[in-house]
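# Analysis of the macromolecular model
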Amino acid sequence: MTLEQHAVRPPAQSRGAGPAGQRRRSRRDEILEIAVGLFATRGYHGVSMDDIGAAAGVTGPALYHHFAGKEAMLAAALIPVSEQLLAGGQARIAEAGDDPGKALAALVDFHVEFALANPAVIALHLHELDRLPEEPRRQIRRLQRLYVEEWVSTLTSLRGADLDAGEARVLAHAAFGLMNSTPFLGGEVDRARRAELLRAATLSALQG
């Protein structure tokens, strides 16, 4: 399956009720998902608004009704994801209570599932973040730093005097390198096994 097929499904801005009580994604969400897939597979500069409109089946004026341009699309994809990672990490730490080992395992499970579900958005973070204007780029970087610090706090609580904050930060970034490798993984290993391998490798790196 390609990165384009694996594009992230961004949070809905306006959704109506769907069948069986499900929430129906808006046209804006659908367009954004298509744009993310195209950016991830072709590169930001390799995709025009016309390309996105053609893939989404919408004309130029209709496309600009939803987004001012490619920068707006990129920001709409990356900022909510960064917010969700931070909130999700904080929630899992809170659920673990005073058990840092449990918190670390929950963080790894959470991030591995995110990485497997969203290789396209990870590819955008890795390769296209600098295409954004300064303000949204700074916002995303700040959210990313806060997310890293949740991992650092958990690691230092778990390993005590064995690891200071700077060392924990090195390990956290190394762990993200492992987990965020999903854009580069082929389909020769099934998803469940990939998740198992990524979890095991990450915990091994972090627990020492």
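Cut-offs and rules
- Residues numbered from 1 in each chain as written.
- Predicted model: local features only at pLDDT ≥ 70, side-chain atom pairs only at ≥ 80, totals over all residues.
- Heavy atoms only, no water.
- Phe/Tyr/Trp six-rings, centres within 6.5 Å; stacked < 30°, edge-to-face > 60°.
- Helix = DSSP H or I, 4+ residues; strand = E, 2+ residues; numbered from the N terminus.
- Buried < 20%, exposed > 50% of the residue type's maximum accessible area, 1.4 Å probe, protein only.
- Salt bridge = Lys/Arg side-chain N within 4 Å of Asp/Glu carboxyl O.
- Contact = heavy atoms within 4.5 Å.
- Expected span 1.5 Å × (residues − 1).
- pLDDT = per-residue confidence, 0-100.
- UniProt positions renumbered as here; feature names shortened; annotations may be inferred.
- Axes fitted to C-alpha atoms, helices over the stretch in contact; angles between N-to-C directions.
- Parallel < 35°, antiparallel > 145°, perpendicular 65-115°, else oblique.
- Left-handed = near helix turned anticlockwise from the far one by under 90°.
- Nonpolar A, V, L, I, M, F, W, Y, C, P; charged D, E, K, R; others polar.

### Some remarks on the packing of aromatic side chains
With the rule as written, the count across this model stands at four aromatic pairs. For the ring pair Tyr147 and Phe176, a centre distance of 5.6 Å and an interplane angle of 20 degrees mean the geometry is stacked. A residue pair is termed long-range when its members are at least 10 positions apart, and Tyr147 in helix α7 (residues 134-159) and Phe176 in helix α8 (residues 165-179) qualify at 29 residues. When its relative accessible area of 10% is taken as the criterion, Phe176 is described as buried. Clustering of aromatic rings is evident, with ring pairs tying together Tyr147, Trp151 and Phe176.

### With respect to the pattern of salt bridges
Applying the stated criterion across every chain, the model contains ten salt bridges. Salt-bridge contacts for Arg199 lead to Glu113; the nearest nitrogen and oxygen are separated by 3.9 Å. With Arg199 in helix α9 (residues 191-207) and Glu113 in helix α5 (residues 100-117), the pair connects residues that are 86 residues apart, well separated along the chain. For Arg199, a relative accessible area of 25% corresponds to the partly exposed category. Asp162 is paired through a salt bridge with Arg159; the nearest N and O atoms lie 2.6 Å apart. What makes Arg159 buried here is its relative accessible area of 18%. The network of salt bridges with shared partners includes Asp109, Glu113, Arg191 and Arg199.

### Description of the environment of Ile93
Structurally, Ile93 is set in helix α4 (residues 70-96). Remark: the alpha-carbon pair of Ile93 and Trp151, spanning 58 residues in sequence, is separated by 9.2 Å. Excluding residues within four positions of it along the chain, Ile93 makes contact with Ala103, Leu107, Glu150 and Thr154.

### Regarding α4
Taking 1.5 Å of rise per residue, the 27 residues of α4 would be expected to cover 39 Å, and the 40 Å separating its terminal C-alpha atoms lies within 8% of that figure. Immediately beyond the C-terminal end of α4, within one or two residues, lies Gly97, with a positive phi of roughly 65 degrees.

### So, the confidence of the model for the protein chain
Per-chain confidence: the protein chain averages 87 in pLDDT, with 88% of residues scoring 70 or above. Throughout residues 1-22 the model reports pLDDT below 50, and contacts reaching past four residues in sequence, or to other chains, amount to 53 contacts.

### Brief notes about the UniProt feature "DNA-binding region" (unreviewed entry) in the protein chain
On the UniProt side, "DNA-binding region" (unreviewed entry) is annotated at positions that read residues 48-67 here. Helix and strand shares over residues 48-67 are 75% and 0% respectively, and the end C-alpha atoms of the span are 13 Å apart.

### Some details on the side chain of Thr154
Mapped onto the fold, Thr154 is located in helix α7. With residues up to four places along the chain from it excluded, the contact list for Thr154 reads Ile93, Pro100, Ala103, Leu104 and Leu107.

### A few points about the side chain of His125
Within the secondary structure, His125 sits in helix α6 (residues 119-128). Given a relative accessible area of 17%, His125 falls into the buried group. Setting aside chain neighbours within four positions, we find His125 in contact with Leu78, Val81, Ser82, Ile140 and Gln144.

### Examining the packing of α8 against α9
Two elements in contact, α8 and α9, have axes separated by 9 Å at closest approach and are oriented at 165 degrees. Relative to α9, the element α8 is oriented roughly antiparallel. In terms of crossing hand, the pair formed by α8 and α9 is right-handed. Contact residues: α8 offers Leu171, Ala172, Ala175, Leu178 and Met179, while α9 offers Leu198, Ala201, Thr202, Ala205 and Leu206. Looking at the contact of α8 with α9 residue by residue, the classes come out as nine nonpolar, one polar and no charged.

### Looking at the packing of helix α1 (residues 27-42) against helix α2 (residues 49-56)
Across the interface, α1 lies against α2 with an axial gap of 9 Å and an inter-helix angle of 125 degrees. Comparing the axis directions of α1 and α2 gives the class oblique. Note on packing geometry: the crossing formed by α1 with α2 is right-handed. Only Asp51, Ile52, Ala55 and Ala56 of α2 make contact with α1, whose side of the interface consists of Arg27, Ile31, Ile34, Ala35, Leu38, Phe39 and Arg42. Per-class residue counts for the contact of α1 with α2 are eight nonpolar, no polar and three charged.

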